[in-house]
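What follows is each chain in one-letter form.
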Amino acid sequence: MTSITIANAPCSWGVLEFDLPGEALGYAQVLNEIRDTDYTGTELGDWGFMPSEPAALRRELDARKLSMVGAFVQVAFVDPQAHARGAETAVRTAKLLAAVEGKSPFIVLADDKATNPVRTKKAGRISASESLNDGQWTTFAKGVEQVARAVREQTELRCVVHPHAAGFIETPDEIARLLDLTNPQLVGLCFDTGHYRFGGGDPVAGLRQHRARIWHMHFKDCSPVVHQRSREEEWDYFTALKQGIFCELGKGDVDFPAVVLELRRTNYNGWIVVEQDVLPGMGAPKQYARNNREYLRKLGL
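Residues numbered from 1 in each chain as written. Predicted model: local features only at pLDDT ≥ 70, side-chain atom pairs only at ≥ 80, totals over all residues. Heavy atoms only, no water.

1. Things to note about the sheet that holds strand β7 (residues 214-219)
Basically, it comes down to this: Strand pairing requires that DSSP identify at least two bridges connecting the strands. The secondary structure listing takes helices from DSSP runs of H or I that are at least 4 residues long and strands from runs of E that are at least 2 residues long, numbered from the N terminus. Between N-to-C directions, angles cover 0 to 180 degrees, with each direction set by a line fitted to C-alpha atoms, over the stretch in contact for helices. Whether two residues touch is decided by their heavy atoms; if any such pair falls within 4.5 Å, the residues are in contact.
Judged by pairing direction, the barrel is parallel, and its eight strands sit side by side in the order β1-β2-β3-β4-β5-β6-β7-β8 before closing back on the first. When strand polarity is set aside, the average angle formed by the axes of neighbouring strands in this sheet is 30°. Along the sheet face, helix α12 (residues 285-298) touches β1 (4-8), β7 and β8 (270-274) and points at about 165° away from the line of β1.

2. What about the pattern of salt bridges?
The test is simple: When a carboxyl oxygen of Asp or Glu lies within 4 Å of a side-chain nitrogen of Lys or Arg, that pair is called a salt bridge. Only protein chains enter the accessibility calculation, which uses a 1.4 Å probe; a residue is then buried when its area is under 20% of its type maximum, exposed when over 50%, and partly exposed in between.
Under the counting rule described, the total for this entry stands at 20 salt bridges. With its nearest N and O atoms 2.8 Å apart, the salt bridge here joins Glu-156 to Lys-103. Here the residue Glu-156 occupies a position in the loop between α5 (134-155) and β5 (158-161), and Lys-103 occupies one in the loop between α3 (83-101) and β4 (106-111), the gap between them amounting to 53 residues. When its relative accessible area of 46% is taken as the criterion, Glu-156 is described as partly exposed.

3. Topic: the nonpolar core
The following threshold applies: The definition of a nonpolar core used throughout is a set of buried Ala, Val, Leu, Ile, Met, Phe, Trp, Tyr and Cys residues joined through side-chain atoms within 4.5 Å.
By size, the foremost hydrophobic cluster in this structure holds 69 residues, and its most contacted members are Ile-107, Val-151, Met-217, Phe-219, Leu-263 and Ile-272. Among the elements that line this core, the one with the most residues is α5, at eight residues. Of all hydrophobic cores here, the second largest spans 20 residues; its members include Ala-9, Val-69, Trp-235 and Phe-246.

4. Thoughts on the side chain of Arg-58
Along the chain, Arg-58 falls in helix α2 (residues 54-64). By relative accessible area, which is 19% here, Arg-58 ends up buried. Not counting residues up to four positions away in its chain, the partners in contact with Arg-58 are Leu-66, Val-100 and Glu-101.

5. A word on unusual backbone geometry
If you check the backbone angles, Lys-65 has positive phi at about 55° while not being a glycine. Tracing the backbone shows Lys-65 in the loop between α2 and β3 (67-75). The exposure class assigned to Lys-65 is exposed, which follows from its relative accessible area of 74%. Residues other than glycine seldom take positive phi values, yet Glu-156 does so here, at roughly 70°.

6. Description of helix α11 (residues 256-265)
Of the positions making up α11, those classed as buried are Phe-256, Ala-258, Val-259, Val-260, Glu-262 and Leu-263. On its buried face, α11 sits against β1, α7 (193-198), α8 (203-210), β7, β8 and α12. Following α11 by one or two positions, Asn-267 has its phi on the positive side, about 55°.

7. Quick look at the pairing of β1
In terms of burial, β1 is largely enclosed, as four of its five residues are buried. Across five bridges, β1 lies against β8 in parallel orientation. Within β8, the residue paired with Ala-7 across the bridge is Val-273.

8. Describing the environment of Met-68
Tracing the sequence through the fold places Met-68 in strand β3. Its relative accessible area of 2% is what places Met-68 among the buried residues. With 34 residues separating them in the primary sequence, Met-68 and Gly-102 have C-alpha atoms 9.5 Å apart. When neighbours within four sequence positions are excluded, Met-68 is seen to be in contact with Thr-42, Glu-43, Leu-44, Met-50, Leu-57, Leu-61, Leu-97, Val-100, Glu-101 and Pro-105.

Put into structure tokens, the structure is as follows:
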């Protein structure tokens, strides 16, 4: 029997890891709305968004009966000079999570997104010529392993790598190559259905291909209408976000019934984190969260 539990994340309320205009909500309101829309877990959000003192953070979670599922850590893995600093940041974050929740949360590693102009401009339509060269691939993979090893040795938490639009790991081929270059005992995959689709892949096929490496799941949908317009009009990543590339679950072209069936068939035991990335102040996050939870309930989750 599978044991799947459902969380949401601050990014669904516009709390993103970019320096963006607009005012995001405070952590208390975000946690209240995660609870009120019937989720039982949350990710941390940007460092400093929630309390960074373990006892204070645990009190906030306990008051709402929420678990801490994981935390997103960005590292410029293509730059070898960034690896040590990235490991320090990841370990600091992991120590907070371990103090609050024990060994179960994940450090969700991602490239330092939206820093390369080409990758940011061409998110959703990256060609093979715009990928890393062989030397950069080696550097990138070594950096991921260095950070994951530091986290494991110092906190016993595990790391999963999160492919993401506007970063260097976006397309299905890039994801497969990074997994081939990293130790499967040390580095898992956070499979994000929406980013996989936006990057040009079939999420069900990707889930089947990489199931042995998938330790953590993000459920995100992708609007085919916005996706097509982003290609035709050559939008950058932030324009696609503003136009609603990541729509409510069930309103895009990710086949969630098939995804859920595959997770159950392969006895996935863990969290599914709903993420509907929006820009600060955009849309109606609480209503989106409620609608997304109702959609998953209809799928038996």
